[in-house]
Structure formats: C-alpha cells, structure tokens
Amino acid sequence: MKYSFSARTGWELEENILSRTLQDMRSAGTEIIDFTESNPTRCGFSYPADKLLRPLSAPENLVYAPHPKGMLKARQAVSGYYAGRGITVDPERLVLTSSTSEAYSFLFRLLFEPGDRVLVPAPSYPLFSYLAGINDVEVDYYRLVFDGEWHIDLASLELGVTSFTKAIILVSPNNPTGSCIKTAELEGLNGICHRHGLSLLCDEVFGDYISEQYRGRYFSLAGNSAAPTFVLGGLSKSLALPQMKLSWIAVNGPSGFVEAALSRLEVISDTYLSVNTPAQNAAADWLAAASGIQSQVLERVSANYLALRNAFECTGAAEVLPWEGGWYAVLSVPQLSDGEEFALRLLKERQVFLHPGYFFDFEEDGFMVLSLLPPPDKFRTGLERLVVAISSL
Ligand SMILES: Cc1ncc(COP(=O)(O)O)c(C=O)c1O
C-alpha cells in the first residue's frame with residue numbers, strides 16, 4: 001500500500017544524541033538533575049486543590065452553550081485579570097483558545113497566505129518554526145542583541161521585511177532571555193508595521209513573572225493601538241497549569257482593523273470551538289487563585305536566579321546574564337566551543353541536563369539555558385556540579 005503525507009510533515013523525527021542519552025539514562029534508573037524542566041506541575045509548588053478542582057464539579061458544566069469567541073463569563077474573567085494589573089481589555093476584544101500554541105495557529109490562518117513570512121526573534125522559543133510550518137508560514141529571524149541588556153535589532157529586523165512578510169512575533173518577557181520590550185522599541189516596531197502593513201503578535205505568557213528590579217519598566221502591548229496588535233496569554237503560565245488548556249488573544253489596533261479581525265477570528269474559532277466548557281466556567285475562580293500560585297513561582301525563580309549568580313560570581317567561570325523575567329536564565333560561557341558536546345558530557349559524567357543555546361537559536365556557541373523552576377535543593381546540587389564542569393573547561 002502506498003501512503004502519502006504532506007510535505008509540511010516531513011520532519012526529521014530521529015532523536016538527537018542528547019535526548020537519546022537522557023532517555024537511556026532515565027530508563028536505566030539514573031537520577032538526573034534537569035535544568036530543562038519547564039513543567040511547573042513537576043516542581044513541587046503547592047496548588048490550592050479545592051479552589052481549582054471544585055469548580056469542575058459545578059452542574060453548569062453539563063450544559064453546552066458555546067460562543068465562538070469563548071463564553072462571555074470567561075472573557076469577562078480574563079478582562080478582570082487584566083484590570084487587576086491596571087490594563088483595560090474589553091471582553092469583546094478577546095478570543096479564547098485552548099492553548100497559546102492554538103492561538104498562534106488561529107492568527108497564522110487569519111493573517112497569512114501559504115508561503116507568507118513571519119519575523120521571529122532569535123534567540124527565542126524553539127516551537128515557532130513548527131507552529132509556522134504546520135500553517136504553511138515561512139520563518140525569518142530577527143536578532144536580539146546583548147550589550148549588558150537585550151535589545152531588538154530594529155534595523156536588521158526592518159531589513160528582513162519582504163513583500164511576503166505579514167507579521168512580527170514578539171515575546172515579552174522572552175523565552176529564554178527573559179528580556180522585555182522597551183518603550184522605544186515598541187515605537188520603532190509600530191513604525192515598521194505602519195511602513196510595511198504588518199501586524200504585531202506579542203506573546204506575553206510570562207508577563208506575570210517580572211523580576212522586582214524591572215517591574216516598573218514592564219508593560220503589556222494590550223493597550224497598543226498604533227498597529228494591528230494581538231496579545232497572547234494563557235493559564236499555562238499565569239496559573240502554572242498547562243493542563244487546564246485555556247488561553248486568549250486580545251485584539252487591538254487602528255479602528256476598523258479590530259472589528260474586521262475579530263469577525264474573521266470568530267469564524268476560525270467557531271469552526272473548532274475547541275475551548276472546553278468546564279475550563280471556561282472555572283476561569284473566574286481559577287484566575288482568582290492565580291496570585292497565590294504566581295507568588296510561589298516568582299519567589300522560586302528569583303531565589304534560583306540569585307543562587308545561580310552567586311555561584312558563578314565567586315568563580316568567574318561564566319557570566320550569568322541579567323534576568324528581567326520569565327522562567328529561564330542564560331549563562332554565557334565564552335570558552336565553550338561546542339555546546340552540544342559539553343551538554344552531553346555534563347549529562348553522562350555529572351547527571352545534569354541542560355539545553356545548549358543553539359536549541360533556542362542563539363547565533364553563537366557559548367550560551368546555555370537553565371530553567372529556574374526546579375526545587376531549590378535540586379537546583380543547588382545541579383549548580384555545584386555545573387560550576388565544577390564549567391570551571392574545568
Ligand atoms: C513563549 C511561549 N509561548 C507559548 C508557549 C505555549 O503555551 P501553551 O501551553 O499555552 O500552548 C510557551 C510554552 O512554554 C512559551 O514558552
């Protein structure tokens with residue numbers, strides 16, 4: 001029998017040596033300290049079970065009354081969550097999705113023809129090439145540059161715009177650099193969008209996790225009306241519960257654009273109606289519980305970042321880049337010539353797993369990324385081993 005598959009699914013599916021080795025070691029029962037852990041539900045946080053689970057047994061969950069943009073009460077809950085952060089978002093300008101990844105798909109379907117191009121930051125979230133590829137969208141990268149803090153290289157970004165480019169993706173705070181968009185950068189981006197007819201897709205899933213030092217500077221793009229703007233957020237990070245599967249798109253932009261975009265998004269969303277009713281009914285209760293979860297996560301990532309900085313400040317073996325927000329930290333190790341080879345050695349010899357920078361599209365070798373989520377005792381043990389390994393490079 002002859003099978004045929006689409007070219008867009010012709011991925012290289014073979015595991016790389018790093019993940020194969022990790023798999024083998026885990027199967028053999030070796031305990032690994034995992035600095036790639038991004039699943040908060042495995043990191044020992046205390047979730048208020050009653051507040052989170054009780055709403056799921058409400059009788060209203062047995063009634064199916066969908067709305068293409070998402071049930072109004074759930075959109076009002078999301079709007080209320082923004083209001084709590086001092087941001088006005090009209091519930092009518094929100095479209096709910098089952099995940100942020102799905103939100104990207106909706107926006108690619110809304111804005112792009114097959115073969116159109118999207119500008120994506122580098123370094124950033126490694127899933128973009130898949131999310132774009134599945135939707136027949138081509139990816140071009142623009143650079144984030146580090147000179148003591150991270151900046152968007154606006155000049156190179158604009159040079160990357162072609163007649164096929166339809167949108168710019170921003171991630172603020174970015175995964176993994178933690179960097180947040182600055183006012184002057186937004187002005188520059190609005191200008192580029194205006195000159196080339198582009199939209200901004202701003203992923204703010206880590207917006208609740210800003211380092212104390214940078215909190216005064218952080219802002220959401222939900223209020224940006226100077227360019228067509230889609231802000232993405234969701235419970236996977238705001239509640240540290242990816243399995244609850246509730247995210248949203250907040251639409252803003254010039255008048256005329258917003259209404260047109262919403263009515264088209266409504267049809268896309270109506271075609272799937274993918275957000276489940278219990279999650280929407282529970283949204284207000286869940287978001288009311290968010291601050292208690294966020295404060296634990298923020299305390300954890302702040303403390304782990306401090307431990308990381310202290311560990312390397314003493315040895316000088318690596319530079320820990322400033323952490324503005326998010327769940328990750330970046331280590332700069334200039335003497336590192338082959339990140340993958342080092343990560344493999346670290347795994348085999350010291351049972352510590354981390355991602356080399358290339359995984360996040362860092363241009364040069366010499367960067368490594370660590371999740372700041374692991375419990376402090378594990379994090380410190382892993383850190384001790386990492387310091388020894390880097391010091392002996
Ligand atoms: C920057 C960024 N955007 C989106 C996502 C995916 O979020 P969701 O679980 O809501 O699809 C992640 C997941 O880690 C992420 O890091």
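What you see is a predicted model; the values in this text were computed from it and never measured.

Observations concerning helix α9 (residues 257-272)
Turning to step 1, where the next piece is worked out: Taking 1.5 Å of rise per residue, the 16 residues of α9 would be expected to cover 22 Å, and the 23 Å separating its terminal C-alpha atoms lies within 8% of that figure.
Turning to step 2, where the next piece is worked out: Of the positions making up α9, those classed as buried are Val258, Ala261, Leu262, Leu265, Ile268 and Ser269. On an axial view of α9, the arc spanned by its buried residues comes to 125°, and they lie on one face. Across α9 from its buried face, at more than 90 degrees, point the exposed residues Arg264, Val267 and Thr271.

Quick look at the sheet that holds strand β7 (residues 199-203)
Turning to step 1, where the next piece is worked out: The strand order across the open sheet formed by 8 strands is β2-β9-β8-β7-β6-β3-β4-β5, and the pairing between neighbours is mixed. Strands at the two margins of the open sheet, each flanked by one partner only, are β2 (94-97) and β5 (150-152). Sheet twist, expressed as the average angle between the axes of neighbouring strands with direction ignored, equals 25°.
Turning to step 2, where the next piece is worked out: Both strand β3 (residues 117-122) and strand β6 (residues 165-171) contribute to a ladder of 3 bridges, which runs parallel. In the sheet register, Leu119 faces β6, and the bridge partner there is Ile168.
Turning to step 3, where the next piece is worked out: Where helix α7 (residues 183-196) meets the sheet, its contacts fall on β5, β6 and β7, and the angle it forms with β7 comes to roughly 145°.

Side note on the nonpolar core
Turning to step 1, where the next piece is worked out: Residues Ile168, Leu170, Phe312, Leu331, Leu386 and Ile390 are the most contacted members of the largest nonpolar core, which totals 101 residues.
Turning to step 2, where the next piece is worked out: Per-element tally for this core: the top contributor is helix α11 (residues 290-315), with 10 residues.
Turning to step 3, where the next piece is worked out: Counting contributing residues per domain, this core is built from domain 1 (14-46 + 291-391) and domain 2 (49-288), each supplying no fewer than three.
Turning to step 4, where the next piece is worked out: Setting aside its immediate chain neighbours within four residues, Ile390 contacts Phe312, Ala317, Ala318, Leu331, Val333, Gln335, Phe342 and Met368.
Turning to step 5, where the next piece is worked out: If you look at the next biggest cluster of nonpolar residues, it comprises 29 residues, including Leu110, Val118, Leu201 and Val258.

A look at the domain arrangement of the protein chain
Turning to step 1, where the next piece is worked out: Along its sequence, the protein chain is organised into domain 1 (14-46 + 291-391) and domain 2 (49-288).
Turning to step 2, where the next piece is worked out: Distance between the C-alpha centres of domain 1 and domain 2: 27 Å.
Turning to step 3, where the next piece is worked out: Counting from both sides, the interface comprises 23 residues of domain 1 and, opposite them, 35 residues of domain 2.
Turning to step 4, where the next piece is worked out: When domain 1 packs against domain 2, close to 2500 Å² is buried across both sides, 65% of that on carbon and sulfur atoms.
Turning to step 5, where the next piece is worked out: On the domain 1 side of the interface with domain 2, the three residues burying the most area are Gln294, Glu324 and Trp327, jointly 28% of the side's total.
Turning to step 6, where the next piece is worked out: Remark: the boundary between domain 1 and domain 2 carries 1 salt bridge.
Turning to step 7, where the next piece is worked out: Residue Glu363 is joined to Arg143 by a salt bridge in which the shortest nitrogen-to-oxygen separation is 3.3 Å.
Turning to step 8, where the next piece is worked out: Taken together, domain 1 and domain 2 are joined by 8 residue pairs in polar contact (both at pLDDT 80 or more).
Turning to step 9, where the next piece is worked out: Mapped by element, the contributors of at least two residues to the side of domain 1 that touches domain 2 are α11 and β11 (328-332).
Turning to step 10, where the next piece is worked out: The biggest single contributor to the side of domain 1 that touches domain 2 is α11, with 4 residues.
Turning to step 11, where the next piece is worked out: The residue inventory of the side of domain 1 that touches domain 2, partitioned by class, reads 15 nonpolar, 4 polar and 4 charged.

Section: the sheet that holds strand β13 (residues 355-356)
Working definition: the strands of a sheet are paired by backbone hydrogen bonds and lie parallel or antiparallel to each other.
Turning to step 1, where the next piece is worked out: Pairing in this open sheet of 4 strands is antiparallel, and the strands run β10-β11-β14-β13 from one edge to the other. Looking at which strands have only one partner, the edges of the open sheet turn out to be β10 (319-320) and β13.
Turning to step 2, where the next piece is worked out: The pairing of β10 with β11 spans 2 bridges and is classified as antiparallel. In the strand pairing of β11, Val320 is matched with Leu331.

A few points about the site of the ligand
Turning to step 1, where the next piece is worked out: Around the ligand, the neighbouring residues are Ser99, Thr100, Ser101, Tyr125, Val171, Asn175, Asp203, Val205, Phe206, Ser236, Lys237 and Ser247.
Turning to step 2, where the next piece is worked out: Measuring from an oxygen atom of the ligand, one finds a side-chain N or O atom of Ser101 at 2.9 Å.
Turning to step 3, where the next piece is worked out: With respect to the ligand, the side chain of Asn175 contributes an N or O atom lying 2.9 Å from an oxygen atom.
Turning to step 4, where the next piece is worked out: Out of a free accessible area of 400 Å², the ligand has 89% covered by protein chains.
Turning to step 5, where the next piece is worked out: In this structure the site holding the ligand corresponds to the largest pocket.
Turning to step 6, where the next piece is worked out: Among the elements of the structure, α4 (100-111) and α8 (235-238) are those that each provide at least two residues to the shell around the ligand.
Turning to step 7, where the next piece is worked out: When the residues that make up the shell around the ligand are grouped by side-chain class, the tally is 4 nonpolar, 6 polar and 2 charged.

Some details on the pairing of β7
Turning to step 1, where the next piece is worked out: Of all 5 residues in β7, 5 are buried, a share of seventy percent or more.
Turning to step 2, where the next piece is worked out: With burial as the criterion, each face of β7 is covered, one bearing Ser199, Leu201 and Asp203 and the other bearing Leu200 and Cys202.
Turning to step 3, where the next piece is worked out: Pairing between β6 and β7: 5 bridges, direction parallel. Bridge pairing in β7 links Ile168 to Leu200.

Reading the values: the criteria
Residues numbered from 1 in each chain as written. Predicted model: local features only at pLDDT ≥ 70, side-chain atom pairs only at ≥ 80, totals over all residues. Heavy atoms only, no water. Helix = DSSP H or I, 4+ residues; strand = E, 2+ residues; numbered from the N terminus. Expected span 1.5 Å × (residues − 1). Buried < 20%, exposed > 50% of the residue type's maximum accessible area, 1.4 Å probe, protein only. Arc of directions from axis to C-beta. Pairing = 2+ DSSP bridges. Axes fitted to C-alpha atoms, helices over the stretch in contact; angles between N-to-C directions. Contact = heavy atoms within 4.5 Å. Core = buried A, V, L, I, M, F, W, Y, C linked by side-chain atoms within 4.5 Å. Domains from an automatic or database assignment. Buried area = accessible area lost by both parts, 1.4 Å probe. Salt bridge = Lys/Arg side-chain N within 4 Å of Asp/Glu carboxyl O. Polar contact = N/O pair within 3.5 Å; in protein donor to acceptor, adjacent residues only side chain to side chain. Nonpolar A, V, L, I, M, F, W, Y, C, P; charged D, E, K, R; others polar. Near = heavy atom within 4 Å. Areas by Shrake-Rupley, 256 points an atom, 1.4 Å probe, with all protein chains shown as cover. 1 Å grid on protein atoms, 1.4 Å probe; cavity = no way out; pocket = protein on both sides within 12 Å on 5 of 7 lines; lining within 4 Å. Sits in = over half its atoms within 2 Å of the grid points.

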